[in-house]
Amino acid sequence: MKKKYIRDLPRRMYSFFISYSDIGAPSFAKFARSVGITTADIERYRKRSEFERAYQECSEIRRDYLIDNGLVKRFDSSLAKFILTSEYQMGEKKITDEDKSIQVTLEVIGDED
């Protein structure tokens, strides 16, 4: 049975993601279960512009959460990379060979002593 859209759902979803403190990372599936809807309902609600804006912001919050926790080794960085890459490929954008190469320049500044 399809759940009816609730006007404050974008705010509730944003609050869920920004204040997440449970084990693991915040996800749309966890949010859906917490408010009694399904991930299919979430996908259907994305047609609404306000909900879509909140959805995109929550995606960025989740992305930052995974990256930050991978960098401080709270999460396995390889797993965080796998999750982010998988989500990126499932979205509208696809990773090309051009996206795979990156050049990094590092300059170390310090005492010459």
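Reference entry: report on the structure contained in this document. Every residue gets a number counted from 1 within its own chain, in the order that chain's sequence is written. Thresholds applied to this predicted model are a pLDDT of at least 70 for local features of residues and 80 or more for the giving and counting of side-chain atom pairs; totals over whole chains, interfaces and linings are not thresholded and use all residues. Working from all heavy atoms in the structure, the side-chain values ignore hydrogens and water.

Remarks on the packing of aromatic side chains
Piece 1. Centre distance within 6.5 Å is the pairing criterion for rings of Phe, Tyr and Trp, where only the six-membered ring of Trp is used; planes under 30 degrees apart are then read as stacked, over 60 as edge-to-face, and the remainder as tilted. The full count for this structure, using the stated rule, is nine aromatic pairs.
Piece 2. Note on phenylalanine 28 and tyrosine 55: the rings are 4.1 Å apart at their centroids and 15° apart in plane angle, and the pair reads as stacked. In this pair, phenylalanine 28 is assigned in helix α2 (residues 28-35) and tyrosine 55 in helix α4 (residues 49-71), connecting sequence segments 27 residues apart.
Piece 3. For tyrosine 55, a relative accessible area of 11% gives the class buried.
Piece 4. Each residue in the set Phe16, Phe17, Tyr20, Phe28, Phe31, Tyr55 and Tyr65 is aromatic and connected to the rest through ring pairs, giving one cluster. Going along the chain from the N terminus, every DSSP run of H or I of four or more residues is numbered as a helix, and every run of E of two or more is numbered as a strand. Only protein chains enter the calculation, and the probe is 1.4 Å; a residue is then buried if its accessible area is under 20% of its type maximum, exposed if over 50%, and partly exposed in between.

Considering the side chain of arginine 62
Piece 1. Tracing the chain through its elements places arginine 62 in helix α4.
Piece 2. Given the relative accessible area of 12%, arginine 62 is considered buried.

Some points on α4
Piece 1. With 23 residues, α4 extends 33 Å from end C-alpha to end C-alpha; this agrees with the ideal 33 Å at 1.5 Å per step.
Piece 2. Every buried residue belonging to α4 is among Phe51, Ala54, Tyr55, Cys58, Ile61, Arg62, Tyr65, Leu66, Asn69 and Gly70, and all of these are buried. Here the expected span of a helix is defined as 1.5 Å times the quantity of residues minus one.

Structural notes on the nonpolar core
Piece 1. Put simply, buried Ala, Val, Leu, Ile, Met, Phe, Trp, Tyr and Cys residues joined by side-chain atoms within 4.5 Å make one nonpolar core. Of all hydrophobic cores here, the largest spans 22 residues; its most connected members are Leu9, Met13, Phe17, Phe28, Phe31, Ile42 and Phe51.
Piece 2. Of all elements in the fold, only α1 (9-18), α2, α3 (39-45), α4 and α5 (77-90) reach the threshold of two or more residues within this core.
Piece 3. Element by element, the count of residues in this core is highest for α4, at seven residues.
Piece 4. Once residues lying within four places of it in the same chain are set aside, the contact partners of leucine 9 are Phe31, Val35, Ile37, Tyr45 and Phe51. Contacts are residue-level and defined by heavy atoms, with any inter-residue pair within 4.5 Å sufficient.

Let's talk about the pattern of salt bridges
Piece 1. The rule for a salt bridge is simple: a side-chain nitrogen of Lys or Arg has to be within 4 Å of a carboxyl oxygen of Asp or Glu. Counting across every chain of the model gives four salt bridges.
Piece 2. The closest approach of N and O atoms between aspartate 8 and arginine 11, which form a salt bridge, is 2.9 Å.
Piece 3. A relative accessible area of 52% means that arginine 11 is categorised as exposed.
Piece 4. The salt bridge involving arginine 46 is made with glutamate 43; its shortest N-O contact spans 3.4 Å.
Piece 5. The exposure class assigned to arginine 46 is partly exposed, which follows from its relative accessible area of 23%.
Piece 6. One network of salt bridges, in which partners are shared, links Glu43, Arg46 and Glu52.

None of the figures reported here should be taken as evidence of function without further support.
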